[in-house]
Structure formats: C-alpha cells, structure tokens
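These are the residues of each chain, in order.
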Amino acid sequence: MANPNLMNQKQIIDVVKFRWLWLSISAILLIPCIAAIIYLMATQANHAPVKLGIDFTGGTILQYAVKGDVTVDNIGKIRDDMTSAGFTTPIVQNINNAGVDNAAKNGIKNIISVKTGFIDDKTGETVNKITEIVASSVNSPELVQTTSVGPSLGSELLKNSIVALLLAFLGIVVYISLRFKADYAIITLLSLVHDALFVIGVFAIMSIFFNVYVDALFITAVLTVVGFSVHDTIVVFDRVRENSRFLAKKYTFNEIVNASVNQTLARSLNTSITTLLTLGALYFFGGSTTKEFIFAMILGIAVGTYSSIFFASVLLAWDKEIRDKKAAKKATV
C-alpha cells in the first residue's frame, strides 16, 4: 500500500524536471554506439553489428605459452608471416598467463593466442606450420591449448543466439503487458533496447579500434543484462502503479513518478553497487578468458541501473503527459 506521507518526504532527485538532461545523456551514450554498429554492419561480409569470434563463424584458436618477453613487434611479425603463408586474416594477441595452471611456477610470462580459420588437419601439418611461424618470432613457444569450432556449428549457434534474444524480448513484453499495461510494456522494451544497444555498441567500438571479437559468453552477458534491467524497471513501475492507485486524486502523475523513483532509489543503487563490486573483483582477479564477459556485465548493470531510474521513468511520465493532452484536446472538440 502507498505511504500517505510519501510526498512529504525529501526528494533526492527530480527526474521529470530534468528529463531533457537524462535523455541527452542517453543520446550521448547511444549515438557513438549506433554509429559503430552501422559501420560494422555495412563493412562486414556477414553484416554483424560486432566482430564475431570462432564460436559463431567457425575457426581454430591455438594458445602458446612463452617463458620470455613478447613485444608488439613479435606479434606483428607472427601476423605478417601467417598472412604471407596463406592464412586468411589471422588474429594474433598477447594475453596474460592467468588462463594456464601453474603458469608462474613454470616460468610462463605470456600466452600468445592465434586465431585463424577452421583447421581440419588430421596429420597436424597445418598446426606444425603455425608453430614454426610462432617459433621464428619468440623463443621456445609451447602449444598448451587448441580449440576448434566447425563453420556449420558456429552458424547454428549464431542463429540460436539471435532466437534466444528475440524470445527474451518477446517474453518480457508479454509479461509486462499482462502485469501492467501495454504502454508500460512498450517503455520497458525501449529501455531494454537502450541497454542492449549500449552494450553491443561499446563492443562494436572495441571491435573497430581494438580488434575485439565476441563469443557465446557475450550473448549470455546480454541476456543476463536484459533480465537484470527489466527487474529493476519493474520495481520502479510497480511503485508508480501502487502509488498512483492511492495518491492520484491529490497529486499529478509527474509528482507520483518522482516520489516513486526516490522511494526505490536506495534499493536500486545498493543492489547495483553490490553486483558491480563483485563483477569488478572477478574482472581484475579472475581469468583472462572471462574478462570480456565480465566487462559486458559491468557495462550492462551500470547502464541498466541508469535506464530504469532516468530513462524508463522519464518516458513513462512523458507518455502519460502526451496522452492526457490528447484526451483534453478531444474533450474540448
């Protein structure tokens, strides 16, 4: 039940009054992301909004443990030598040694990751050739891991991932429509698109400037972010609905929205900060193989908290204002 003294409590922030500020911040966040997504979709052969890893396109990753130092020139030479040897667009990176058991004990300082097209090599000739190329640039590389995904399996995984995302959005819209109203569902969907675009867009920018590729864990991160964001938005909307039921006769809808946001503000921030602290620990002290997944989660949780407070609530108040004006105009005709 709504608190009758809610409006007398101190309002920490006025979200409706500064609606253009919050919408401008959203525009500043999203415009570069959308531009990067459009650029990649226009320039990539598969028209994907990000650069897809071997999980989706098929390919092979070979990881070499190196006890000595590895320079940028070493990585560049390996890449150039592989291209000259006929390997199409090889991706060569120097990553830390966190992904290898007892790395420090064995004196391993670096891991060289080589990504290339799918290697269907029963004799091992192709892998040996790549090993020779790596050995020509660094001392005594040791092949510690090989991962391969077939092209057909990668394509099927990509289709299933897209279907999973669409079904998640559809299920959320249906649930919000039944739990609240259709306009609440539309605004929730816009908020989710806002969050998903930001996360995908940041990775699109990273793909362009830092050659970052996404894998199946990225889809998991996006789905998790969508779930977290809709949960946070529902909490705010539930307060708005409950307060409107008891306070609508005395106060405007904008005042009720402001009060509802402030009522749930501490809960939203505490939940998000606790989650971000945990993710931060995982990012800085966890393995290198999950860093991009954790980073996507951090981005999503942060922007999801922002959107539920400053984006979804503002759109809800604005939508009600527009509908009231239309209703008043019809009444005067």
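Trainee: Talk me through the pattern of salt bridges; I want residue IDs and the actual numbers.
Mentor: Should their charged atoms come close, side chains of opposite charge can pair. Counted by the stated rule, this structure contains eleven salt bridges. In this structure, the salt-bridge partner of Arg179 is Asp238, at a minimum N-O distance of 3.5 Å. Of the two residues, Arg179 sits in helix H5 (residues 151–179) while Asp238 sits in helix H7 (residues 216–247), which places them 59 residues apart along the sequence. Judged by its relative accessible area of 33%, Arg179 falls in the partly exposed class. A salt bridge links Arg241 to Asp238; the nearest nitrogen and oxygen atoms lie 3.0 Å apart.

Trainee: Give me H5: which residues, what numbers.
Mentor: With 29 residues, H5 ought to run about 42 Å at 1.5 Å a step, and its terminal C-alpha atoms sit 42 Å apart, in line with that. Listing the buried residues of H5 in full gives Gly154, Ser161, Leu165, Phe169, Ile172 and Ile176. On the buried face of H5, the contacting elements are helix H2 (54–57), strand E4 (142–149), helix H6 (182–210) and H7.

Trainee: Tell me what's going on with the environment of Thr220, and back it up with residues and numbers.
Mentor: The topology assignment puts Thr220 in helix H7. Taking the C-alpha atoms as reference points, Thr220 and Val114, 106 residues apart in sequence, are found 24 Å from one another.

Trainee: Lay out the nonpolar core with the relevant residues and their values.
Mentor: Ranked by size, the top nonpolar core spans 64 residues in total, and within it Val15, Ile176, Tyr184, Phe203, Phe218, Phe237 and Val257 carry the most contacts. Residue assignment for this core shows that the elements contributing at least two residues are helix H1 (19–43), H5, H6, H7, helix H8 (253–285) and helix H9 (291–332). Sorting elements by how many residues they give to this core places H9 first, with 16 residues. Each residue touching Val257, except ones within four places of it in the same chain, is listed here: Val15, Val16, Val240, Ser313 and Ala317.

Scoring rules and cut-offs
Numbers given for residues are sequential positions, taken from 1 along each chain in its written order. Residue-level local features of this predicted model are given only where pLDDT is at least 70; pairs of side-chain atoms are given and counted only at 80 or more, and the full residue set underlies all totals for whole chains, interfaces and linings. Computation of side-chain values covers all heavy atoms of the structure but excludes hydrogens and water. Any Lys or Arg side-chain nitrogen found within 4 Å of a carboxyl oxygen on Asp or Glu counts as a salt bridge. Under the DSSP-based scheme used, a helix requires at least four consecutive residues in state H or I and a strand at least two consecutive residues in state E, with every element numbered from the N terminus. Burial classes follow relative accessibility: with a 1.4 Å probe on protein chains only, a residue under 20% of its type's maximum area counts as buried, one over 50% as exposed, and anything between as partly exposed. In this analysis, the expected span of each helix is defined as 1.5 Å times one less than the number of residues it contains. Contacts are assigned to residue pairs that have any heavy atoms within 4.5 Å of one another. What is meant by a nonpolar core is a set of buried Ala, Val, Leu, Ile, Met, Phe, Trp, Tyr and Cys residues, joined one to another through side-chain atoms within 4.5 Å.

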